[in-house]
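# Understanding the architecture of this molecule
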Amino acid sequence: LHEIILPEFSYSRQVKTYQAFVFDNPTVPYDIIYGRNFLNSCGIDIRGSDLTCKWFQDVIPFHEPDYFQQNERISALLNIPTQRARRLESFLTQKVTPTTETKISVDEVVDSQDHLTPKQRRQLRDLLAQFPTLFDGKLGTYPKQLSRQCQLGIMIRVGESKWGMPMLV
């Protein structure tokens, strides 16, 4: 499977690639069963104590096996709010190059985090305000950090490019 999206958790968070096994058994009431290896590799916490699943800060309740057989539930899940859909589209269509304007204010970043509470937004604003160079719009490389990040396993050398790293958001 490629680019797996779990929309109950997040419309934009993806699992890039994962090997899956398909089986057809009419006695199993579930459409998809995510196993322990998948859940652990993604960091999804199955919480039996309160019958929820947690992925990062998103928490969803357990559902009955036939929960998604009701069309209105699927429609509600797949109905992305217009404002959020536009923001997601802009991320997908915008190409960032060294000449692309990348300057953004701390307020713009914080205000776009509509999943946070007002208190969490204030805390985020205070934190990000401590790092103004992250928001100055200048792209560049940091050679001293590249070797260090390779040693820590954050970055790796790859074939075509001198450097490769996972996307940091």
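For the structure itself, look to the data block above.
The following refers to the structure shown. Only a predicted model underlies this, so the values are computations on that prediction, with no experimental measurement involved.

Tallied over the entire structure, the rule returns four salt bridges. We note a salt bridge from Asp-58 to Arg-13, for which the minimum N-O separation is 2.7 Å. Remark: Arg-13 occurs in the loop between strand E1 (2-5) and strand E2 (14-17) and Asp-58 occurs in strand E5 (residues 58-61); sequence separation between them is 45 residues. One salt-bridge network, in which partners are shared between bridges, spans Asp-107, Asp-111 and Arg-125.

This brings us to the packing of aromatic side chains. Using the criterion set out here, one finds four aromatic pairs in the structure. On the basis of an interplanar angle of 80° and a centroid distance of 5.5 Å, the ring pair of Phe-9 and Trp-55 is categorised as edge-to-face. Remark: Trp-55 occurs in strand E4 (residues 52-55) and Phe-9 occurs in the loop between E1 and E2; sequence separation between them is 46 residues. Each member of the pair, Phe-9 together with Trp-55, is buried. On the basis of an interplanar angle of 35° and a centroid distance of 6.0 Å, the ring pair of Trp-55 and Phe-56 is categorised as tilted. Residue Trp-55 is classed as buried on the basis of its relative accessible area, which comes to 3%. Taken together, Phe-9, Trp-55 and Phe-56 form an aromatic cluster joined through their ring pairs. A cation sits over an aromatic face here: Arg-13 above Trp-55, 4.7 Å from the ring centre.

By size, the foremost hydrophobic cluster in this structure holds eleven residues: Ile-4, Leu-6, Phe-9, Val-15, Phe-38, Leu-39, Cys-42, Ile-44, Cys-53, Trp-55 and Ile-60. Looking at this core element by element, the count peaks at three residues for helix H1 (residues 36-42). If sequence neighbours within four positions are ignored, Phe-9 has contacts with Ile-44, Cys-53, Lys-54, Trp-55, Asp-58 and Ile-60. Of all hydrophobic cores here, the second largest spans five residues; its members include Val-106, Val-109, Val-110 and Leu-128.

Our focus in this paragraph is a nonpolar patch on the surface. Residues Phe-23, Tyr-30 and Ile-33 make up a contiguous nonpolar surface patch of about 350 Å² in total accessible area. For Tyr-30, a relative accessible area of 45% puts it in the partly exposed group.

The strand order E3-E4-E5 describes an open sheet built from three strands, whose pairing is antiparallel. Looking at the sheet topology across the chains shown, the edges are occupied by strand E3 (45-47) and E5. Averaged over all adjacent pairs, the angle separating strand axes in this sheet is 20°, with direction ignored. Taken together, the four bridges between E4 and E5 define a ladder with antiparallel strand orientation. Within the sheet, the bridge partner assigned to Thr-52 lies in E5 and is Pro-61.

Conventions and cut-offs
- Residues numbered from 1 in each chain as written.
- Predicted model: local features only at pLDDT ≥ 70, side-chain atom pairs only at ≥ 80, totals over all residues.
- Heavy atoms only, no water.
- Salt bridge = Lys/Arg side-chain N within 4 Å of Asp/Glu carboxyl O.
- Helix = DSSP H or I, 4+ residues; strand = E, 2+ residues; numbered from the N terminus.
- Phe/Tyr/Trp six-rings, centres within 6.5 Å; stacked < 30°, edge-to-face > 60°.
- Buried < 20%, exposed > 50% of the residue type's maximum accessible area, 1.4 Å probe, protein only.
- Lys NZ or Arg CZ within 6 Å of the ring centre and 35° of its normal.
- Core = buried A, V, L, I, M, F, W, Y, C linked by side-chain atoms within 4.5 Å.
- Contact = heavy atoms within 4.5 Å.
- Patch = residues over 30% accessible without salt bridge, like charges linked within 9 Å, V, L, I, M, F, W, Y side chains within 5 Å.
- Areas by Shrake-Rupley, 256 points an atom, 1.4 Å probe, with all protein chains shown as cover.
- Pairing = 2+ DSSP bridges.
- Axes fitted to C-alpha atoms, helices over the stretch in contact; angles between N-to-C directions.

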